[in-house]
Each structure stands twice: as structure tokens, then as C-alpha cells.
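Here are the chains, one letter per residue:
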Amino acid sequence: MLTIKIPSVELFNEKSGEFYSLRGQEIVLEHSLVSLSKWESKWHKPFLSKDSKTRDEIIDYIKCMTITQNVDPEIYKFIHKETLGIITNYIEDPNTATTITDKNIKKQSREVITAEIIYYWMITFNIPVEFQKWHLNRLLTLINVCNIKNQPAKKMSKAELAANNRRLNAERKARLGTGG
């Protein structure tokens, strides 16, 4: 979760000709499958695509991420550029210590990833529905780990087997202090 502070703003109402204040607020955000699903149901397009988003789409995603209750919708218009940068860093954070460096992973699929696809993966791997509130990148990493661990064991090629045997023999020679 991320907490941001949006400062108070003084505004001018052109109809009444008076100034008024919009009270600042501290808002708690959660980048999760729940927020992704809310945004996609409103905009009818995948959030995780490479396509750039308009400012309205970005602000609306921030609204979908908001956990804080009773937030004045007008306050989102006054999120500073620096705060948007902090939110972007939070969204891009892997939120896990796990890194996947398996050389055998095929290149990225061209499949469009939507909330429903992620829910499908969760069902396929028996991931509890409560995990939909995890940071989205952490959930996607868990799904990748489940996918890798469920793959059948790959047989070693003759060259890999020979290299592995050479490595094991060298380790044993060094440990036992023998010449082979």
C-alpha cells in the first residue's frame, strides 16, 4: 500500500464569483487485481498494455486504487507531478524478493493480459481469491513461479550432462584432495 498526501487548494467559483478551499487529504492506494478489474470494467480496455494512457485514465486508475473512504473526487485533479512519479514507482515496484531468471522461459507471449486472464491463472493454480488484494506485481510473480514449478522437469542434453558431471568430479576432487 502507498499513502500519498494531496495538499489543500484554493479555487475560484466563476458562477458565484467567490473563492473556496478544497481541503487536502491523505489517501491510501493499493495497486492490486481489484483496482485493475475496476479500471478495466470502466474503460473497456486492458490496463497492462503498452499503449500510453491519457491523464484522465491515469487519474481514474488512481481512483480505482484508492482504499480511503469518502475522498472528494475533485482532489484527484490536484495531484502534483512529483506525486504521480511516486505512484508510478509504486506501481512498477516488483514488491517481492523473487526474481525469475530462468533461461528457458519463452519470450513474452503476445496474449493481451486483462483482469480476467489473471483471475483464470489464479483459478488454474489454486491461488486463493484473497490474493487479489496483493500488490499486482507480486501476484504476477507468484503466478510465474507456479507456472515454472508446474512445468515437467527438463531433461539435460548430452552436453549439459557432461558439463554437470565434470563440475561434480572437480568438486569431489577438491573436497577429497585426490587427483581423480
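To be clear, the structure that these remarks concern was listed above.
Just so we're clear, the structure is a prediction, and the values are computed from it rather than from any experiment.

Parameters and conventions
Residues numbered from 1 in each chain as written. Predicted model: local features only at pLDDT ≥ 70, side-chain atom pairs only at ≥ 80, totals over all residues. Heavy atoms only, no water. Helix = DSSP H or I, 4+ residues; strand = E, 2+ residues; numbered from the N terminus. Polar contact = N/O pair within 3.5 Å; in protein donor to acceptor, adjacent residues only side chain to side chain. Contact = heavy atoms within 4.5 Å. Axes fitted to C-alpha atoms, helices over the stretch in contact; angles between N-to-C directions. Parallel < 35°, antiparallel > 145°, perpendicular 65-115°, else oblique. Left-handed = near helix turned anticlockwise from the far one by under 90°. Nonpolar A, V, L, I, M, F, W, Y, C, P; charged D, E, K, R; others polar.

Peer 1: Sorry if this is basic, but what is going on with the side chain of asparagine 137 here?
Peer 2: Within the secondary structure, asparagine 137 is located in helix α5 (residues 136–149). Within the structure, the side chain of asparagine 137 is placed 2.8 Å from the backbone oxygen of aspartate 93, a separation counted as a polar contact. Sequence-distant contacts of asparagine 137, defined by excluding residues within four places in its chain, comprise His31, Ile91, Glu92, Asp93 and Pro94.

Peer 1: Got a minute to help me understand the side chain of histidine 31 in this structure?
Peer 2: Tracing the backbone through its elements, the reader meets histidine 31 in the loop between β4 (25–29) and α1 (33–43). Dropping the residues within four chain positions of it, histidine 31 is found in contact with Tyr61, Met65, Tyr90, Ile91, Trp134, His135, Leu136 and Asn137.

Peer 1: Help me understand the packing of helix α4 (residues 115–124) against α5, please; the structure alone is not making it clear to me.
Peer 2: A packed helix pair is summarised by two numbers, namely the angle formed by the two axes and the spacing between the axes. Look at α4 against α5: their axes get within 10 Å of each other, and the N-to-C directions meet at 45°. The angle between α4 and α5 falls in the class oblique. In this structure, the crossing between α4 and α5 has a hand that is left-handed. Along the contact surface, α4 presents Ile118, Trp121 and Met122, while α5 presents Leu136, Leu139, Leu140 and Ile143. Partitioned by chemical class, the residues of the contact of α4 with α5 number seven nonpolar, no polar and no charged.

Honestly, it's all geometry; don't read function into it.
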